[in-house]
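# Notes for the structure review
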Amino acid sequence: MLRVEDLHVHYGGIHALKGINFEVPAQKIVTLIGANGAGKSTTLRTICGLVDKSQGSIYYEDKDINDFDTRQRTIGGLVMVPEGRRIFPNLTVYENLKLGAFKRNDTDGIKKDLKWVYELFPRLEERLQQKGGTLSGGEQQMLAVARALMSKPRLLLMDEPSLGLAPLLVQEIFEIIEEINSQGTTILLIEQNAYAALKVADYAYVLETGQIIIEGPGDELLQNDEVKKAYLGG
Amino acid sequence: MSLDIFLQNIVNGLSLGSLYALIAIGYTMVYGILRLINFAHGEIFMLGTYFLYYGVLIFHLPWWLSFIVAIVLTAITGMLTERIAYRPLRKAPKISILISAIGVSFFLQNAGIVIFSGVPKSFARPEIFDKMFILGNTRISSINLASTFISVIFLMALLYVVYETKTGLAMRSISTDMETARLMAVNVDRTISITFAIGSALAAVGGILWALKYPQIFPLMGMIPGLKAFIAAVLGGIGNIVGAMIGGFILGMAEILLVGFMPQLSGYRDAFAFIILILILLFKPDGLMGKNVQEKV
Ligand SMILES: Nc1ncnc2c1ncn2[C@@H]1O[C@H](COP(=O)(O)OP(=O)(O)OP(=O)(O)O)[C@@H](O)[C@H]1O
Ligand SMILES: [Mg+2]
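These remarks concern the structure in this document. (Residues numbered from 1 in each chain as written. Chains lettered and ligands numbered in written order. Predicted model: local features only at pLDDT ≥ 70, side-chain atom pairs only at ≥ 80, totals over all residues. Heavy atoms only, no water.)

## As for the overall build of chain B
Looking only at helices and strands, chain B features 11 helices and four strands. Relative to a compact globule of 297 residues, whose C-alpha radius of gyration would be 19 Å, chain B shows 19 Å and is just as compact. Along the three orthogonal principal directions, the C-alpha set of chain B runs to about 60 × 45 × 35 Å. Residues counted as buried form 51% of the 297 residues belonging to chain B. Look at the contacts in chain B between residues 6 or more apart in sequence, and 76% of them connect residues 24 or more apart. Entry remark: accessible area of chain B is about 13500 Å², with carbon and sulfur atoms responsible for 71%. Between the mean site of the 20 positive side-chain charges and the mean site of the 13 negative ones, chain B shows a separation of 4 Å. (Helix = DSSP H or I, 4+ residues; strand = E, 2+ residues; numbered from the N terminus. Rg over C-alpha atoms; globule rule 2.2 N^0.38 Å. Buried < 20%, exposed > 50% of the residue type's maximum accessible area, 1.4 Å probe, protein only. Contact = heavy atoms within 4.5 Å. Areas by Shrake-Rupley, 256 points an atom, 1.4 Å probe, with all protein chains shown as cover. Lys, Arg positive; Asp, Glu negative; His and termini not counted. Charge placed at Lys NZ, Arg CZ, Asp CG, Glu CD.)

## Brief notes about the environment of isoleucine 212 of chain A
Position of isoleucine 212 of chain A among the secondary structure elements: in strand β10 (residues 211-217). If we skip the residues at most four places from it in the chain, isoleucine 212 of chain A touches Ile20, Asn21, Phe22, Tyr205, Val206 and Leu207 of chain A.

## Concerning the interface of chain B and chain A
Contacts between chain B and chain A engage 21 residues on the former and 29 residues on the latter. Buried surface at the junction of chain B and chain A, summed over both partners, amounts to about 2300 Å²; 63% is from carbon and sulfur atoms. Inspection of the chain B/chain A interface yields nine residue pairs in polar contact (both at pLDDT 80 or more). A per-element tally of the side of chain B that touches chain A places helix α6 (residues 166-176) of chain B first, with six residues. (Buried area = accessible area lost by both parts, 1.4 Å probe. Polar contact = N/O pair within 3.5 Å; in protein donor to acceptor, adjacent residues only side chain to side chain.)

## Quick word on the packing of aromatic side chains
Per the counting criterion, the structure on display carries 15 aromatic pairs over all chains. Arranged with centres 5.6 Å apart and planes meeting at 35°, the rings of tyrosine 54 of chain B and phenylalanine 116 of chain B form a pair that is tilted. Taken together, the positions of tyrosine 54 of chain B in helix α2 (residues 41-57) and phenylalanine 116 of chain B in helix α4 (residues 94-116) put the pair 62 residues apart, joining distant regions of the chain. Grouping residues by exposure puts tyrosine 54 of chain B and phenylalanine 116 of chain B together as buried. Judged by centre distance (5.5 Å) and plane angle (15°), the rings of tryptophan 63 of chain B and phenylalanine 67 of chain B are stacked. A residue pair is termed a helical-turn pair when its members lie 3 or 4 positions apart in one helix, as tryptophan 63 of chain B and phenylalanine 67 of chain B do in helix α3 (residues 63-86) at four residues. What makes tryptophan 63 of chain B partly exposed here is its relative accessible area of 22%. The exposure class of phenylalanine 67 of chain B is buried, given its relative accessible area of 13%. Here a set of aromatic residues connected by ring pairs shows up, and it is made of Tyr20, Phe45, Trp210 and Tyr214 of chain B. Sitting over the ring of tyrosine 59 of chain A, arginine 3 of chain A keeps its end group 4.5 Å from the ring centre. A cation over an aromatic ring shows up here: lysine 166 of chain B above the ring of phenylalanine 102 of chain A, its NZ or CZ 5.0 Å from the ring centre. (Phe/Tyr/Trp six-rings, centres within 6.5 Å; stacked < 30°, edge-to-face > 60°. Lys NZ or Arg CZ within 6 Å of the ring centre and 35° of its normal.)

Here is the structure:
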């Protein structure tokens, strides 16, 4: 569904991505793990068109998406839950969700999806008229995911959805990720919480200073000595 | 001051305030979205009056039609200034776009002098605006009532667009987080164009009502009302639309009452607005309605 080939990104003099290759097959959960500053967010942001690549290609549903801007990619079903939630604090929960569905005109479909996200996140439904900025951190994360779902993603890119959440909530978010995936959405997940990510992932890549150093099925990487030592705390 | 005169002043204050409010909207909306103080906004205000003037004089359009045409042309002019002078600089340092705005302002002023000549033109007003309503001893001119009324209608229409429509939602999302708005498939360029169109259209309405009150137009006429409306926007909390309206009304009312209560100070009328600006910047730089939602990170 998504194929990234020899992707390079520079920020001025910083060579943030040094030619990475990876693939996200349809219907799967793929995860990209790595330490701070490895280049995970850069990878996602480049896929969304928020950051310009200096070399390489990105194929989405077998099309090179080089000429599409962020908006067109979103309309095409390539949707991101950005790092740090980035909900709109001054808009209500409902308006945030409406923005997720901004490009859509299928009123019935939108209603159906609203119902679905209320089922996934009952707490949001209770707070529809509340300003996004007044939600707790965990609720904001749920809103960010719910908002992305309202865009009807075919490929959902998630940048550290569990960051800063209490253990119980982390578990809940990962259950929801699996639920979303089981409904047919392909997922590319970035995580620092390597253990949880590898457990849900069909396939995983380890990114280190802009390069992919290890890859393999999630359960295999859980057993990998190098991964254990560096990312799973021994 | 007698009650009659006081009432008369209130109406005058409302009328002037509503004009400041109309013009202040343009400053505050553009600032909200681009973090740009659009120095050329006063010139947009001026152009609106000339469009109407020539519509009536050269094209012999009926006044009301010329009014509509002028609003549309001014909106287009506002969109063009953004397209030509601001959009190419959107990724440049903020100071570049600010300097570009000052450039547009000078350009329009001087183009105005060349094309319209610097000599003030008298602005014909339909007779209906010459009427006086006399209530007891209070004399209220119909232009003051009409300008307040027309302004309030446009301001309400604006609130509707901003808070109840999809375009308004797009505007509000861009003003908080342009990048995330893009991720939501909001068409950022188009929304910014619409913002300029709306702000400029309101400036045209404000300018034309202004010219009906003070029926002389000249290429530099936008400077002082533009500055005052900018002060009104800062007073209300720049970036905040309701704030700009409230700021406009407060400033207009304060100015009229100052002159009303202390006629000996009327020469300081313009200076008074700047004193308000300085006080606001010193004591409440976020303005009366400044940002109150805290972001959780
Ligand atoms: N806008 C930018 N300008 C300059 N350098 C940047 C920019 N964004 C990221 N970088 C640099 O690129 C490298 C990769 O950053 P990136 O945000 O992709 O890391 P990450 O893997 O997401 O880290 P984290 O887990 O902390 O979010 C870092 O060295 C970072 O300093
Ligand atoms: Mg990151």
